[in-house]
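Listed below, chain by chain, are the residues.
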Amino acid sequence: MINFDFSFVKGVGWYPGHMLKATRDIRKQLKLVDVVMILTDARTPVSALNEGLIKITSTKPTLIVLNKADLAEDEKTLDWAEHLKSKYENCDYVITETINRRGLKQITNTARQLIKEDRKKKGATRPLFRPIRLMIAGVPNVGKSSLINALNRKKSARTGPRPGVTRSQQWITLADDMELLDTPGIMPPGNPLVECGLRLGLINAVKQDLIGKSLLVTYLMSQAFKHENYAYLKSLGVAFPVKDYDDILTTIAAKMGYKLPGDEPDIRKTEEFILRSYTDGKFGKMTLDTPPDFQAPGDVKILWPDAKINLDIEDEEN
Ligand SMILES: Nc1nc2c(ncn2[C@@H]2O[C@H](COP(=O)(O)OP(=O)(O)OP(=O)(O)O)[C@@H](O)[C@H]2O)c(=O)[nH]1
Ligand SMILES: [Mg+2]
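Note that the coordinates shown come from a computational prediction; the quantities given were computed from them, not determined experimentally.

**Q** Teacher, can you tell me more about the UniProt feature "domain: CP-type G" (unreviewed entry) in the protein chain here?
**A** Using the residue numbers shown here, the UniProt feature "domain: CP-type G" (unreviewed entry) corresponds to residues 23-189. Regarding residues 23-189, the helix share stands at 32% and the strand share at 21%, and the terminal C-alpha atoms are separated by 11 Å.

And the structure:
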């Protein structure tokens, strides 16, 4: 069996200026909303959970949405969801597959329930005589805009399989007595621990070129082997047991006909193909955040050892 060693890798942070602005904009809009939906990826519920956002919005009830559940192992998704619910106050969860419309009704119902409980706690006696307002936030590419489009049953927000598609906030009014605020994806500032960073790269929350596509393919292979997830690789002609990692790439390059002049295998194109296949769900259901990698799943903050942010700096325009 091949041994993979990632100890030489450095964690890569990604916190461009628009994310700081987006974080401040979230704080500004907070007073207008009733519930904050924090989206995460069901394959990486903890690695892709921007805990800083939960802290910033903690005055509002939190609805954690584990999206892309079609790509994660169902039992683990439920375990993580229950864990997250017990970790945060005033919080509930919904498991969704936006592309299959799974969990959409539950979002509306759970949000309404959270609002009801929150208002009761605050002593409000009258019902809310206006549409409910939900803010949607989370790291890039977890499906925030797709969820809005699915709830709205039309394409009101731009979506795409790469990080940073949404660049500014946008209110969207639904027929269903509900207003939604779409926000740009925000990474926690600082450098994640290596494995957390690799996972964020695989799920396209971080630009893959920042981490390196070769490294991400190696990491994907290590995960596929760890999960004994061989079916897709077998369908591409890879024979098991694999003795040499490079054999995997050359076999797939040959199968796909990716060649450089002189008949050399085109490894770059092959790596891009493998990462695209992963994004398209060809590897099936594979949860990446899995105990015992996270012995103490409560310690989310250790994934972001340098995370610091000063939101109290005034905006330039103020
Ligand atoms: N497999 C799967 N893919 C999904 C699901 N929801 C969204 N996607 C895909 O994920 C990609 C990212 O979706 P977006 O809605 O643009 O993500 P976002 O969170 O708004 O991204 P940013 O605006 O960059 O922060 C798109 O290619 C969607 O088709 C899902 O439930 N399952
Ligand atoms: Mg978006």
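**Q** Would you explain the site of ligand 1 in this entry?
**A** In the neighbourhood of ligand 1, 23 residues make up the surrounding shell, with Thr98, Lys144, Ser146, Gly164 and Val165 lying closest. Between ligand 1 and the protein, one listed contact pairs an oxygen atom with a backbone N or O atom of Val142 at 3.2 Å. Take Val165: an N or O atom from its main chain is 2.8 Å from an oxygen atom of ligand 1. Isolated, ligand 1 exposes 660 Å² of accessible area, and the fraction of that covered by the protein chains is 90%. Mapping ligand 1 onto the cavity grids shows that it belongs to the largest pocket. Here the shell around ligand 1 gets three residues from one element, more than from any other, and that element is helix α5 (residues 144-152). For the shell around ligand 1, the per-class residue count stands at seven nonpolar, eleven polar and five charged.

**Q** Honestly, the side chain of Arg43 in this entry has me stumped. Any pointers?
**A** With respect to the helices and strands, the residue Arg43 is situated in the loop between β1 (35-41) and α2 (51-56). A relative accessible area of 3% means that Arg43 is categorised as buried. When near neighbours in sequence (up to four residues on either side) are disregarded, Arg43 contacts Lys68, Leu71, Ala72, Ile203, Tyr278, Met286, Thr287, Leu288 and Asp289.

Cut-offs used in this document
Residues numbered from 1 in each chain as written. Chains lettered and ligands numbered in written order. Predicted model: local features only at pLDDT ≥ 70, side-chain atom pairs only at ≥ 80, totals over all residues. Heavy atoms only, no water. UniProt positions renumbered as here; feature names shortened; annotations may be inferred. Helix = DSSP H or I, 4+ residues; strand = E, 2+ residues; numbered from the N terminus. Near = heavy atom within 4 Å. Polar contact = N/O pair within 3.5 Å; in protein donor to acceptor, adjacent residues only side chain to side chain. Areas by Shrake-Rupley, 256 points an atom, 1.4 Å probe, with all protein chains shown as cover. 1 Å grid on protein atoms, 1.4 Å probe; cavity = no way out; pocket = protein on both sides within 12 Å on 5 of 7 lines; lining within 4 Å. Sits in = over half its atoms within 2 Å of the grid points. Nonpolar A, V, L, I, M, F, W, Y, C, P; charged D, E, K, R; others polar. Buried < 20%, exposed > 50% of the residue type's maximum accessible area, 1.4 Å probe, protein only. Contact = heavy atoms within 4.5 Å.

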